[in-house]
Amino acid sequence: MSDRLTGLGFAAGWRLVRALPRPVAARLFTVAADRVWRKNGRGTQRLRRNLQQVAGPAFDETLVRDGLRSYARYWLEAFRLPSRSQAEHLAGFHLEPAGELEKVLDEGNGAILALPHLANWDAAAAWVTARGYRLVTVAERLKPEAVFEQFVVYREALGMEVIPLTGAARAPIDVLAERAEQGWAVALLSDRDLSARGIEVEFFGGRARMPAGPALLALRTRAPLYAADLWFEPGRVMGELRRIELPGPAEGTLAERVMLVTQRLADAYAIGIAAHPQDWHMLQKLWL
């Protein structure tokens, strides 16, 4: 019964937030974020520890408050994105440099976009599909199943193909490799390992694990690999791509090359997170 109620709650939230005027909804979400900050629950405490690792001696408690407000803005926009027009998707996101990615996709080649949990990654994906490009992503199978299904429907409404991380007939990496070879954009959230078999990397002075998937996929298909940096500005989401150099076969075993590329991704993520720490929505344990 509780799982069913949770699913119904998400469905009601999607409808209700879209019905409210945006300024009213934004104020409600900001108030809710500040209440969560003052309550200082486990998620807030984890966000604080993560941001302390990022900011070091420059850490200030207002960064935690602003981080929760940014996370609330992600949810506000997530609930409202499906009701946007294509023109609004295009106006609501700005990418630099856009030309390189467009050239790759216009020539019929695939591209792998590896993203940390920054700002609103769904807005970035909606921008890609609104420009007429095909995009595929992987979704963690959330519990309850009704919530997972809501997210699949939500992202499919934005023009994405969604592959479940577990429980599918084919291994996700095989489907993703096929899509990349067919000229699709492949978007993967990849700053947190969900398998406990990730690649150990150095990240903000500590050790963390990140998924091997983006590196494996890029090395397998030779599709260009980009680390995406995202951040919020008033009225829109901003993005910047950093191309990751791929080593050749002579530069080590496959395992060694996967480790090298994953570390390069971690270094690229760190640049964007350090520039916009308040927009990094990492409320889970990351460092070992």
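The structure this text deals with has already been given above.
Criteria and thresholds
Residues numbered from 1 in each chain as written. Predicted model: local features only at pLDDT ≥ 70, side-chain atom pairs only at ≥ 80, totals over all residues. Heavy atoms only, no water. Axes fitted to C-alpha atoms, helices over the stretch in contact; angles between N-to-C directions. Helix = DSSP H or I, 4+ residues; strand = E, 2+ residues; numbered from the N terminus. Parallel < 35°, antiparallel > 145°, perpendicular 65-115°, else oblique. Left-handed = near helix turned anticlockwise from the far one by under 90°. Contact = heavy atoms within 4.5 Å. Nonpolar A, V, L, I, M, F, W, Y, C, P; charged D, E, K, R; others polar. Salt bridge = Lys/Arg side-chain N within 4 Å of Asp/Glu carboxyl O. Buried < 20%, exposed > 50% of the residue type's maximum accessible area, 1.4 Å probe, protein only. Core = buried A, V, L, I, M, F, W, Y, C linked by side-chain atoms within 4.5 Å. Expected span 1.5 Å × (residues − 1). Pairing = 2+ DSSP bridges.

J.: Just checking my understanding: could you explain the packing of helix H10 (residues 213-221) against helix H11 (residues 254-275) for this structure?
T.: Helix-helix packing: each pair is described by the crossing angle between the helix axes and the interaxial distance. Direction vectors running N to C along H10 and H11 enclose 120 degrees, while the axes themselves pass 8 Å from each other. One finds that H10 runs oblique with respect to H11. At the point where H10 passes H11, the crossing takes the right-handed sense. Where H10 approaches H11, its residues Pro-214, Ala-215, Leu-216 and Leu-219 are matched on the opposing element by Leu-254, Arg-257, Val-258, Val-261, Thr-262 and Leu-265. Of the residues in the contact of H10 with H11, the class split is eight nonpolar, one polar and one charged.

J.: Before we go on, may I ask you to explain the pattern of salt bridges in this structure?
T.: Between side chains of opposite charge, a pair can form as their charged atoms come close. Tallied over the full model, the rule gives 17 salt bridges. Of the charged contacts, one joins Asp-66 and Arg-65 as a salt bridge, the two residues approaching to 2.9 Å between their closest N and O atoms. According to the relative accessible area criterion, Asp-66 is partly exposed, its value standing at 28%. By relative accessible area, which is 22% here, Arg-65 ends up partly exposed.

J.: How should the nonpolar core be read in this particular structure?
T.: Nonpolar side chains in soluble globular proteins tend to be buried together. Judged by nonpolar contacts, the single largest core of 92 residues is most densely connected at Val-186, Phe-203, Leu-225, Leu-230, Tyr-269 and Trp-280. Examining the composition of this core, we find that nine residues originate from one element, helix H4 (residues 62-80), more than from any other. Dropping the residues within four chain positions of it, Trp-280 is found in contact with Leu-47, Asn-50, Leu-51, Val-54, Pro-116, His-117, Leu-118, Asp-191, Phe-203, Ile-273, Leu-286 and Trp-287.

J.: How should H11 be read in this particular structure?
T.: One turn of an α-helix holds 3.6 residues; hence residues three or four places apart share an orientation. The terminal C-alpha atoms of H11, which comprises 22 residues, lie 32 Å apart, in line with the 32 Å expected from a rise of 1.5 Å per residue. For H11, every residue scored as buried is listed here: Arg-257, Val-258, Val-261, Thr-262, Gln-263, Leu-265, Ala-266, Ala-268, Tyr-269, Ala-270, Gly-272 and Ile-273.

J.: Looking at this structure, I do not really get unusual backbone geometry. What am I missing?
T.: The general pattern is negative phi for most residues beyond glycine and trans for most peptide bonds. The peptide bond linking Glu-96 to Pro-97 adopts the cis configuration, its omega dihedral lying at -10 degrees. Note that Pro-97 resides in the loop between strand E1 (93-96) and helix H6 (98-106). Residues other than glycine seldom take positive phi values, yet Asn-40 does so here, at roughly 60 degrees. Relative to the helices and strands, Asn-40 resides in the loop between helix H2 (22-39) and helix H3 (42-55). For Phe-204, which is not a glycine, the phi torsion comes out positive at approximately 50 degrees. Along the chain, the position of Phe-204 falls in the loop between strand E6 (199-203) and strand E7 (206-210).

J.: What should I look at first to understand the sheet that holds strand E4 (residues 160-164) in this one?
T.: Sheet strands associate in pairs through backbone hydrogen bonding, adopting either a parallel or an antiparallel arrangement. Taken in spatial order, the seven strands make up an open sheet running E1-E9-E8-E2-E5-E3-E4, and their pairing is mixed. Because the sheet does not close on itself, it has two edges, and the strands there are E1 and E4. In this sheet, adjacent strand axes meet at a mean angle of 30 degrees when their direction is disregarded. Two strands pair when backbone bridges link them, and E1 and strand E9 (residues 236-244) are joined in this way by four bridges, in the parallel orientation. Residue pairing for E9: Glu-96 is matched across the bridge by Glu-240. Those strands touched by helix H8 (residues 145-157) are strand E3 (135-139) and E4, and its axis lies near 155 degrees from that of E4.

J.: Explain the packing of H2 against H4 to me, please; I cannot follow it from the model alone.
T.: The interhelical angle for the contact between H2 and H4, taken along N-to-C directions, is 140 degrees, at an axis separation of 8 Å. One way to sum up the angle between H2 and H4 is to call them oblique. The two elements H2 and H4 meet at a crossing, and its hand is right-handed. Note on element contacts: H4 touches H2 through Val-64, Arg-65, Leu-68, Arg-69, Ala-72, Arg-73, Trp-75, Leu-76, Glu-77, Phe-79 and Arg-80, opposite Arg-22, Ala-25, Ala-26, Phe-29, Thr-30, Ala-33, Asp-34, Val-36 and Trp-37. When its residues are assigned to classes, the contact of H2 with H4 shows twelve nonpolar, one polar and seven charged.

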